[in-house]
Amino acid sequence: MSTVFAVDHLSKSFGGLKVNHDLSIAMTEGERLALIGPNGAGKTTFVNLVTGRIPPSAGTVHLMGEDITRLGAVARVRRGLVRTFQVTRLFPDMTPEEHVVMAILQRQGHATRILARFHGNGAAMDEAADILATLGLTDVARRKVVEIAYGQQRLLEIAIAMAQRPKVLLLDEPAAGVPSSDTPLIERALERLPASLAVLMIEHDMDLVFRFARRVVVLAAGELIFQGLPADVARDEKVREAYLGSYAHAGR
Ligand SMILES: Nc1ncnc2c1ncn2[C@@H]1O[C@H](COP(=O)(O)OP(=O)(O)OP(=O)(O)O)[C@@H](O)[C@H]1O
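These figures come from a predicted structure and were not determined experimentally. Position labels on residues start from 1 in each chain and follow its written sequence. Predicted model: local features are reported for residues with pLDDT of at least 70 only, side-chain atom pairs are reported and counted for 80 or more only, and whole-chain, interface and lining totals are derived from all residues.

### Focus on the overall build of the protein chain
Here a helix means four or more residues in a row that DSSP labels H or I, a strand means two or more in a row labelled E, and each is numbered from the N terminus. The helix and strand inventory of the protein chain stands at ten helices and ten strands. Rg of the C-alpha trace for the protein chain: 19 Å, near the compact-globule value of 18 Å for 252 residues, within the 12% margin. On the principal axes, the C-alpha backbone points of the protein chain span a range of 55 × 40 × 35 Å. Burial status across the protein chain gives 38% buried among its 252 residues. Residues are scored as being in contact if the C-beta atoms we place from backbone atoms lie within 7 Å. Sequence separation of at least 24 residues holds for 67% of the intrachain contacts in the protein chain that already meet a minimum separation of 6. Both definitions apply: the radius of gyration is a C-alpha atom measure, and the globule rule equals 2.2 Å times residues to the power 0.38. The exposure label follows from counting other C-beta atoms within 10 Å of a residue's C-beta, where the C-beta atoms are placed from the backbone and the thresholds are 20 or more for buried and 12 or fewer for exposed, leaving partly exposed in between.

So this is what it looks like as C-alpha cells:
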C-alpha cells in the first residue's frame, strides 16, 4: 500500500510550551485511522498544522509524496487534503443539495457565478446526488438544513468535504453533539465512504473509534504515546495513565 499522507518529526511550541512534539505518523491509501487523546493533548493543534492553518516549529507534512509543509490551507484542499469542522457551518435555509452543488462549483472555480450556474448544471447535480447518497442524505436532499436532524447536518459537513474530491479526509469529531440514538447513522455513512480514501478521525466517542478505525494513534501532552491496533490501545499502560491522569485532573 502506498503512503498518501505523512508527517515527520512534526513539532509545535507556543512560547516554552511544546504542544505537539516530534510526531511522525503515516497513512496509506484507504486507511482508517483514529487520533485520540485526553483534553489538551494537542489534537486540535495537530489538525491546524496538517491543514496549514498554523506553521510548525519543526518537521514536515507530505501529501501524495509532495512536501506541502509551506503551502497554505487553500492550496492543501486543492491537492486533496480536506477537513470537516467541529462547529457546524451550514446555511439553515439552504438544502443539502444546494450546499453540495455549491461546493462542487466552488471546486470547479465557478464561485463567483454560483447562483447563475446552480440550476441547469446537470453534471454538478448528478455528482451532488451521488455524494448525498453515499452519506445517506438522499431523502433530505431538498429539505432546509434547519429542518433536518443534527446527525444529518454533521453528515452534510462530510458531504461538502467530499465535494472537494479528497484523497485524505480529516474528520473532526463527526459524532460530537449527535444523540447516541443517531450515531449508527454516522457509522453507516462512514462505512460507505470510498475504499481508496484515507480517513483520519479525531473523536471522543470510543465506540465509534473502535468500530471505525483499523489503527489508533494516541496523543498525550503533545507526545505520541501509542500507535497500533484498536484492540491493544486499552491495554497499554501509558494510555491508561494518560487518561486516568486527565480524569483525575478534571475531577479536581
Ligand atoms: N495559540 C495557542 N497559544 C498558546 N497555547 C495554545 C495555543 N493553542 C493551543 N494551546 C495549548 O496547547 C495545548 C493543546 O491544545 P489543543 O487544543 O491542541 O488540545 P486538544 O487535544 O485539541 O484538546 P481538546 O480535546 O480539549 O480540544 C493546550 O494546553 C492549549 O492551551
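### A look at the nonpolar core
Most often, soluble globular proteins keep nonpolar side chains buried together rather than apart. Think of a nonpolar core as buried Ala, Val, Leu, Ile, Met, Phe, Trp, Tyr and Cys residues chained together by C-beta atoms that fall within 7 Å. The biggest cluster of nonpolar side chains holds 66 residues, and the ones touching the most others in it are Leu35, Val100, Ala159, Val168 and Val218. A per-element tally of this core places helix H6 (residues 150-162) first, with seven residues. Not counting the four nearest positions on each side in its chain, Leu35 is found in contact with Lys43, Phe46, Leu200, Ile202, Val217 and Leu219.

### Quick look at helix H5 (residues 122-134)
An ideal rise of 1.5 Å per residue puts 18 Å on 13 residues; H5 measures up with 18 Å between its terminal C-alpha atoms. Tucked inside the fold, the buried residues of H5 contact helix H3 (96-107) and H6. The first or second residue beyond H5 is Gly136, which carries a positive phi of 75°. Under the convention used throughout, the expected extent of a helix is 1.5 Å for every residue step, that is, one less than its residue count.

### So, the site of the ligand
As a matter of local geometry, the ligand sits amid Phe14, Leu17, Val19, Gly37, Asn39, Gly40, Ala41, Gly42, Lys43, Thr44 and Thr45. Of all the secondary-structure elements, those providing two or more residues to the shell around the ligand are strand S2 (17-28) and helix H1 (43-51). At three residues, the largest contribution of residues to the shell around the ligand is made by H1. By residue class, the composition of the shell around the ligand is four nonpolar, six polar and one charged. Whether a residue is near a molecule or strand depends on its C-beta atom, placed from the backbone, lying within 6 Å of it. Polar here means any residue other than Ala, Val, Leu, Ile, Met, Phe, Trp, Tyr, Cys and Pro, which are nonpolar, and Asp, Glu, Lys and Arg, which are charged; Gly is therefore polar.

### Quick notes on the packing of H3 against H5
Interaxial distance between H3 and H5 falls to 9 Å at its minimum, and their mutual angle equals 120°. Comparing the axis directions of H3 and H5 gives the class oblique. Note that H3 runs across H5; the crossing there is right-handed. Note on element contacts: H5 touches H3 through Ala124, Met125, Glu127, Ala128, Ile131 and Leu132, opposite Pro96, Glu97, Val100, Val101, Ile104 and Leu105. Lines fitted to the C-alpha atoms define the axes, with helices restricted to the stretch that makes contact. Angles between their N-to-C directions range from 0 to 180 degrees. Angle categories: roughly parallel below 35 degrees, roughly antiparallel above 145, roughly perpendicular from 65 to 115, and oblique for all the rest. By the definition used in this description, the sense in which the near helix is turned from the far one sets the handedness, with an anticlockwise turn below a right angle giving left-handed and a clockwise turn giving right-handed.

### Quick word on the sheet that holds strand S4 (residues 58-63)
Pairing between strands requires that DSSP locate at least two bridges from one strand to the other. An order of S2-S1-S4-S5 is seen for the four strands of this open sheet, with the pairing classed as antiparallel. The sheet is open, and its two edges are formed by S2 and strand S5 (66-67), each paired on a single side. Pairing of strand S1 (residues 3-14) with S2 involves eight bridges; the strand directions are antiparallel. Paired with Leu10 across the bridge in S2 is Leu23.

### Description of the environment of Leu135
In this fold, Leu135 is placed in the loop between H5 and H6. Accessibility expressed as a C-beta count within 10 Å gives 26 for Leu135, which makes it buried. Separated by 54 residues in the primary sequence, Leu135 and Ala189 have C-alpha atoms spaced 4.8 Å apart. Look past the residues within four positions of Leu135 in its chain and what remains in contact with it is Leu155, Ile158, Ala159 and Ala189.

### Some details on unusual backbone geometry
The phi angle at His9 is positive, at roughly 50°, despite the residue not being glycine. Here His9 shows up in strand S1. Phi is positive for Arg165, close to 55°, though the residue is something other than glycine. Its 15 C-beta neighbours within 10 Å are what place Arg165 among the partly exposed residues.

### Topic: the packing of H3 against H6
As a packed pair, H3 and H6 sit with axes 8 Å apart at the nearest point and diverge in direction by 25°. Classified by the angle their axes make, H3 and H6 are roughly parallel. The handedness of the crossing between H3 and H6 is right-handed. Judged by residue contacts, Pro96, His99, Val100 and Ala103 of H3 engage Leu156, Ala159 and Ile160 from H6. Among the residues forming the contact of H3 with H6, the class breakdown is six nonpolar, one polar and no charged.

Shape descriptors only; they carry no functional weight alone.
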